[in-house]
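# Survey of secondary and tertiary structure
Listed below, chain by chain, are the residues.
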4 protein chains.
Amino acid sequence: MKTAIIGGDKRMLYAAKAFSDDGAEVAAAGFDNLQSLCDIRVMSVKEALKWADFSVLPVRPVDGGCINMPYAAEKITLHDFARMNGAKPVFSGFSESIANAITAPVCDYAAREEFAVRNAVLTAEGAVALLINEYEDSVSGAKALVIGYGRIGKVLSRYLQSLGAEVTVAARKPSDRAWIEAVGMAADNYSYKELSSYQIVFNTVPAPVLDAACIDRLRDDVMLIDLASAPGGVDFDRAGERGLTCIHALGLPGKSAPKAAGRIIKDTIIHIIKEENGGKDYSGLCDDRLLLHL
Amino acid sequence: MKTAIIGGDKRMLYAAKAFSDDGAEVAAAGFDNLQSLCDIRVMSVKEALKWADFSVLPVRPVDGGCINMPYAAEKITLHDFARMNGAKPVFSGFSESIANAITAPVCDYAAREEFAVRNAVLTAEGAVALLINEYEDSVSGAKALVIGYGRIGKVLSRYLQSLGAEVTVAARKPSDRAWIEAVGMAADNYSYKELSSYQIVFNTVPAPVLDAACIDRLRDDVMLIDLASAPGGVDFDRAGERGLTCIHALGLPGKSAPKAAGRIIKDTIIHIIKEENGGKDYSGLCDDRLLLHL
Amino acid sequence: MKTAIIGGDKRMLYAAKAFSDDGAEVAAAGFDNLQSLCDIRVMSVKEALKWADFSVLPVRPVDGGCINMPYAAEKITLHDFARMNGAKPVFSGFSESIANAITAPVCDYAAREEFAVRNAVLTAEGAVALLINEYEDSVSGAKALVIGYGRIGKVLSRYLQSLGAEVTVAARKPSDRAWIEAVGMAADNYSYKELSSYQIVFNTVPAPVLDAACIDRLRDDVMLIDLASAPGGVDFDRAGERGLTCIHALGLPGKSAPKAAGRIIKDTIIHIIKEENGGKDYSGLCDDRLLLHL
Amino acid sequence: MKTAIIGGDKRMLYAAKAFSDDGAEVAAAGFDNLQSLCDIRVMSVKEALKWADFSVLPVRPVDGGCINMPYAAEKITLHDFARMNGAKPVFSGFSESIANAITAPVCDYAAREEFAVRNAVLTAEGAVALLINEYEDSVSGAKALVIGYGRIGKVLSRYLQSLGAEVTVAARKPSDRAWIEAVGMAADNYSYKELSSYQIVFNTVPAPVLDAACIDRLRDDVMLIDLASAPGGVDFDRAGERGLTCIHALGLPGKSAPKAAGRIIKDTIIHIIKEENGGKDYSGLCDDRLLLHL
């Protein structure tokens, strides 16, 4: 199974390595300073797409109309990619951003629940490190609020609790609040009864859940970290006016654990291929017929 | 707000007490040996239904065509209940078993997610105690398998892990397995790779997930507990033939924590009433107009 | 290595089995209804002491001047035991109760730290089950006080916390209180600031730490469990006068996990033998010269 | 109570602030770029020692024969400090490094168990952040070894476990190993049976526990962090020759949580003063007679 990794950051290189460690033949394109990495060949995008059975694009595949290749000198438009790729299957994150341009079958690995869950763990790890790095007090003993009880909220609140913080989680659904209390944390809704008491506030909800009125209720020395994808859920302007310590942290998995993030991309793609192929073993998948089914 | 608790076991008495502690007027019917309990009046079913604004039936409301009243001398058929109750709102568990017979509005508190989550905690507590009581070795250090990662599986696996067991959870969905690994446990699917290695096996899945072939792979000294509602998920006949220690544990919340179980019934009903009433406070709910909206 | 297990309860039988599983030759005496157990021979005390290289007495070796043999018809005085045993090494718990009577070398396995730690785990497990069995509310969400932060207090407080209780630990030493807070629990001293707020109170301190004045500050519906060895640390008379639910729980390891308790006795004795023998392997220990060094 | 904070890093400034927040009058000396901080006066060392009732030196009070004042332009020898201070009580860390030079009563706050425990928590937090920052894979799912089960080993191993690592702790004492297993981790001794399997290795033991032979058994991609005070417990030369990723992390509390580290210094000194004063309240301590008792 010939796999072309096209562009992306360090975690895509680790994805390439993970495919290679699994026995796949791998080429990487879009890493111009890279001479070689283990057994991974370096090719141009054009060569790689011609050589491979399928290609893998980054979690965020497009940047300004071009394929997202921060480590490449060349720029490849999405249109050119589609033309060079032809009919070969493409695995990509956020596939809605490329779907219109590409006629080949596109499979979105980032839309898989297992990808999201495992990335939430990496995000939570990165968030913990960011907090400890930036917060001058200890997490142990601090009062912390986590807004949202989705994947990241679930893992992050648990980590903070384990590190000795007194954790409240704000969630809209009564059933989520029942879960929160079941795991020994305090539950609140988005009215934030005790908002002025938290030393640490994490937002995980991609909606305006901390507006100016909320910002005004926060402590002066609060540590405020927004993990929600842009534009986030915090009124950063008001936080800035008040001089609060406020960080909008994006792309943590690729930054704090690129190796794990790459492995997760590889694992998810392999699981998709196996399922498409009726659960057969990966080692038997190296033929073109399979890939036609993707 | 006049509330009639009709039948059920100890937890329904605690539900009555919880309503009373919340300021409601409460009557209990179907507890014949009971003279009085705190401020709760004891009435006949007929009197109670006449007196009350609404009634509350047990989690399992029907037993052999009659209202489930294990502590009552009298037997009331579902039909008689419906006639005596008339048009007053009825809160009940498993309402599908009474829906056809009753013309009044019926609201199923047991169908609420928050009820299910909080009961899962009680089930898991009861399961832990049952295990420690019956298992002659220690939980600490034991290899345990939990089958299923629904509500009970989630809480129970966490409790076993906290008590020092080495826990594997079997789940069908890759996303569940990603979660299981995210919280530091081993994940497996229903093929149970290491089935012969577990000292403790809990089933939580109401489907035949441990058939005769699986039973034959278990250790001789396994402790096997099925928590799934009847008929459970274990081939008990085969387990009996092999002489395995095997328990089908049902109704744990009512047994191990009747007080909490009663409070959860009360809380859930109050939340339903509040929502129906547009989020207004419970203290203002004591009039008939509200109840017409139920 | 011929080992004689003399008396005791179920856990001593499991200790016998654990020695046997490890490859030792084992005889059990003092279990009159027992015909055979796996490969363990049943002998009279006299025969067993004659046959064996060394003997193992129960954790509490003496009961009313006789060897503690609850499952035996015969009664053997400590004096007779000493005479029949002669000069052979004796492993025993609480050896101070037999030291004066016995001239042979006596080694106290229960005095070893590892024995105490591992038994604390069993005690904590048994205490958790006792609590869930007897307490009608849920542990999850309850306010619990654990008095003492020795071995049992450390494990038990952690277990209660994992089961969702809000745990306070009372300890005398500031360093213990620092540890308690470090693991996310509240720390108090023996003045018990919030004594009237706890639904669950465990004592682990063998000293009068809950006197009549303290008892009077407890809630009416408190669940009070004393785990300290007789006479315990609770004013039971006053608790009885107030009608509180109060349990003095003793010997939990032997009751809730006899198999693990037996294995711990065996492990500890083997570790002692290995150390005495300069760290050499157990398999090489089956000769009399070694035992002379005990 | 007039308190002079003399030198040190950011955490000593936070200690000054903590004293001030507690109602003490505080002067800080040795922070030359500092104009003012909250209500804390800035003085020269000489002025501060003259003005104060007692002084507080840093955790490591001496650096090259002078008081450790990294943020000061002036250099004050220990000898000059002793002369200027006269007979006033001095609180200091590692007091053996100043004891010979100073005739006034010296009290070592860093020698207190509570100080050590609470700093271990900060060290563990800092170590977790360092690991996540530097390690390109995820902590979740990694095999980790923690060498030593003292204060830092206890907290750190628990944190790593909570973050989803599979943790082994190496300890010399059987009782420590019993504890390690009691909290659900694997225990090993210093022969490190599976040394080649760990992705993460932390040392906490200030003795040569990872010599060249051990280093040679580690994985190529191991992340090796030594937390033991200089010279550490790792053969860094050999690790360097092998090209392993190896960090000797010192002074983590002052770096990752200076605010908490300062508060701990303040708390410990207050506890010492209260105890010396028979447990009386801090608010009554503001007179010279008390301090004579230190």
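Look a little higher up for the structure.
Figured I'd write up the structure that's included with this text. Residue numbering note: each chain is counted from 1, following its sequence as written. Throughout, the order in which chains and ligands are written sets their labels, letters from A for the former and numbers from 1 for the latter. Since the coordinates come from a predicted model, pLDDT governs what is reported: local features require at least 70, and pairs of side-chain atoms require 80 or more to be given and counted, while whole-chain, interface and lining totals use all residues. Here the side-chain values reflect all heavy atoms present in the structure, with hydrogen atoms and water set aside.

## A short note on the packing of aromatic side chains
Working definition: a ring pair exists when centres of Phe, Tyr or Trp rings (six-membered ring for Trp) sit within 6.5 Å. Plane angles under 30 degrees give stacked, over 60 give edge-to-face, the rest tilted. Taken as a whole and assessed by the stated rule, the structure comprises 20 aromatic pairs over all chains. Centre to centre, the rings of Phe31(B) and Tyr71(B) are 6.3 Å apart; their planes meet at 40 degrees, and the pair counts as tilted. Placement of the pair is Phe31(B) in the loop between strand S2 (25–29) and strand S3 (41–43) and Tyr71(B) in the loop between strand S6 (66–67) and helix H3 (78–85), with a sequence separation of 40 residues. When the centroid spacing of 6.1 Å and the interplanar angle of 25 degrees are considered together, the rings of Tyr190(B) and Tyr192(B) count as stacked. A simple rule labels every residue: compare its accessible area, found with a 1.4 Å probe on the protein chains alone, to the largest value its type can have, and call it buried under 20%, exposed over 50%, or partly exposed in between. Using a relative accessible area of 29% as the deciding quantity, one classes Tyr190(B) as partly exposed. Classification of Tyr192(B) by relative accessible area gives buried; the value is 0%. These aromatic residues form a ring-pair network of at least three members: Phe19(A), Phe54(A) and Phe91(A). Lysine NZ or arginine CZ positioned within 6 Å of the ring centre and within 35 degrees of the ring normal marks a charge as sitting over the ring. If you follow Arg60(A) out to its NZ or CZ, it ends over the ring of Phe94(A), 4.1 Å from the centre. Runs of H or I in DSSP of at least four residues are treated as helices and runs of E of at least two as strands, each being numbered from the N terminus.

## Thoughts on the sheet that holds strand S3 (residues 41–43) of chain C
Residue and element names in this part refer to chain C. Pairing between strands is defined by DSSP: at least two bridges between them are needed. Strand order across the open sheet formed by six strands is S3-S2-S1-S4-S7-S8, with parallel pairing between neighbours. Sheet topology places S3 and strand S8 (106–108) at the edges, where each strand pairs with a single neighbour. Neighbouring strand axes in the sheet, compared pairwise and without regard to direction, differ in orientation by 25 degrees on average. Sheet topology places strand S4 (residues 54–56) next to strand S7 (residues 90–92); two bridges connect them, and they run parallel. Residue pairing across strands places Ser55 opposite Val90, the latter belonging to S7. The sheet contacts of helix H10 (residues 258–276) involve S4, S7 and S8, and relative to S4 the element is tilted by about 145 degrees. For helices, the fitted axis covers only the stretch in contact; all axes are lines through C-alpha atoms, and the angles between them, taken along N-to-C directions, range from 0 to 180 degrees. Any two residues whose heavy atoms approach within 4.5 Å at even a single point are treated as in contact.

## Side note on the pattern of salt bridges
Any Lys or Arg side-chain nitrogen located within 4 Å of an Asp or Glu carboxyl oxygen qualifies as a salt bridge. In the structure shown here, the tally under the stated rule is 75 salt bridges over all chains. Its salt-bridge partner being Lys266(D), residue Asp267(D) comes within 2.7 Å of it at the nearest N-O pair. Judged by its relative accessible area of 7%, Lys266(D) falls in the buried class. Within the structure, one salt-bridge network assembled from shared partners comprises Asp22(A), Arg118(A), Lys266(A) and Asp267(A).

## Considerations on the interface of chain A and chain D
Contacts between the two partners involve 27 residues from chain A, matched on the other side by 27 residues from chain D. The buried area of a pairing is the accessible area, by a 1.4 Å probe, that goes missing from both parts when the two are put together, added over both. Interface area, chain A with chain D, both sides summed: about 2200 Å², of which 47% is carbon and sulfur. If you sort the residues of chain A by the area they bury against chain D, Glu125(A), Ile132(A) and Glu136(A) come out on top, with a joint share of 29%. Put simply, chain A and chain D have six salt bridges between them. Pairs of N or O atoms within 3.5 Å make up the polar contacts considered here, provided that, within protein, one atom can donate a hydrogen while the other can accept it, and that residues adjacent in sequence are counted only when both atoms are side-chain atoms. Our count for the chain A to chain D interface comes out at 17 residue pairs in polar contact (both at pLDDT 80 or more).

## What to know about the state of the cysteines
The definition used for a disulfide is geometric: two cysteine sulfur atoms within 2.5 Å. A complete count under the given rule lists zero disulfides over all chains for this structure. Of the cysteine sulfurs around Cys214(D), a residue in no disulfide, the closest is that of Cys246(D), at 13 Å.

## A few points about the relation of the copies chain B and chain C
All copies are superposed by least squares; the fitting set is the C-alpha atoms of residues with a pLDDT of at least 70 in both. Once chain B has been moved 0.0 Å along the axis and rotated by 180 degrees, it coincides with chain C to within an RMSD of 0.1 Å. This pairing of chains is accounted for by a two-fold axis. Minimal C-alpha separation from the rotation axis in chain B is found for Ala129(B), amounting to 2.1 Å. An overlap of 100% is found between the interface residues of chain B and their copies at the interface of chain C, pointing to a shared contact surface.

## Observations concerning the side chain of Thr123(A)
As for its position among the elements, Thr123(A) is in helix H4 (residues 113–134). Every residue in contact with Thr123(A), bar those within four places of it in the chain, is listed here: Ile152(A), Leu252(A) and Pro253(A).

## Examining the sheet that holds strand S14 (residues 245–248) of chain B
Residue and element names in this part refer to chain B. Read from one edge of the open sheet, six strands run S11-S10-S9-S12-S13-S14, paired in parallel fashion. Looking at the sheet topology across the chains shown, the edges are occupied by strand S11 (186–188) and S14. Strand-to-strand twist in this sheet, taken as the mean axis angle between neighbours without regard to direction, amounts to 15 degrees. As paired elements, strand S12 (residues 200–203) and strand S13 (residues 223–226) share four bridges and run parallel to each other. The residue bridging Ile200 from the neighbouring strand is Met223, located in S13.

## Focus: the interface of chain B and chain C
Listed by partner, the interface residues are 27 residues for chain B and 27 residues for chain C. In total, chain B and chain C occlude about 2200 Å² of area from one another, counting both sides; carbon and sulfur atoms represent 47% of this. Area buried by chain B at its contact with chain C is led by Glu125(B), Ile132(B) and Glu136(B), which between them contribute 29% of it. Seen at the junction of chain B and chain C, the total is six salt bridges. At the junction of chain B with chain C, the criterion picks out 18 residue pairs in polar contact (both at pLDDT 80 or more). Contributions of two or more residues to the side of chain B that touches chain C are made by helix H1 (10–21), helix H4 (113–134), helix H5 (151–162) and helix H10 (258–276) of chain B. No other element matches H4(B), which puts eight residues into the side of chain B that touches chain C. Put simply, Ala, Val, Leu, Ile, Met, Phe, Trp, Tyr, Cys and Pro go in the nonpolar bin, Asp, Glu, Lys and Arg in the charged bin, and everything else, Gly too, in the polar bin. Of the residues in the side of chain B that touches chain C, the class split is 13 nonpolar, six polar and eight charged.

## Some remarks on the relation of the copies chain A and chain D
In the superposition of chain A on chain D (RMSD 0.0 Å, axial shift 0.0 Å), the rotation amounts to 180 degrees. Most of the interface of chain A is mirrored in chain D: 100% of its interface residues are interface residues there too.

## Side note on the pairing of strand S13 (residues 223–226) of chain C
All names here are of chain C. Taking every second residue as pointing to the same face, both faces of S13 are buried, with Met223 and Ile225 on one and Leu224 and Asp226 on the other. Following the backbone out of strand S12 (residues 200–203), through helix H7 (residues 212–217) and into the adjacent parallel S13, one traces a crossover that is right-handed. Two strands pair when backbone bridges link them, and S13 and strand S14 (residues 245–248) are joined in this way by four bridges, in the parallel orientation. Bridge pairing links Met223 to Thr245 in S14. By definition, the crossover connecting two strands over a helix is right-handed if that path, from the first strand to the second, turns clockwise as seen with the strands pointing away from the viewer.

## Details of helix H1 (residues 10–21) of chain A
Residue and element names in this part refer to chain A. Compared with an ideal rise of 1.5 Å per residue, which puts 12 residues at 16 Å, H1 spans 16 Å between its outermost C-alpha atoms and is within 8% of the ideal. The buried fraction of H1 is high, at nine of 12 residues. Among the residues of H1, Arg11, Met12, Leu13, Tyr14, Ala15, Ala16, Ala18, Phe19 and Ser20 are the ones counted as buried. Gly23 sits one or two positions beyond H1 and adopts a positive phi of about 100 degrees. What a helix is expected to span follows from its residue count: subtract one and scale by 1.5 Å.

## Let's talk about unusual backbone geometry
Most peptide bonds are trans, and most residues other than glycine sit at a negative phi. The residue after Ala230(B), namely Pro231(B), is reached through a cis peptide bond having omega 5 degrees. With respect to the secondary-structure elements, Pro231(B) resides in the loop between S13 and helix H8 (236–242). At Phe94(A), a position not held by glycine, the phi torsion is positive, near 30 degrees. Residue placement: Phe94(A) occurs in the loop between strand S7 (90–92) and strand S8 (106–108).

## Focus on the environment of Phe94(B)
Of the residues examined, Phe94(B) reaches a relative accessible area of 31% and is grouped as partly exposed. The residues contacting Phe94(B), other than those within four sequence positions of it, are Val59(B), Arg60(B), Pro61(B), Asp108(B) and Ala110(B).

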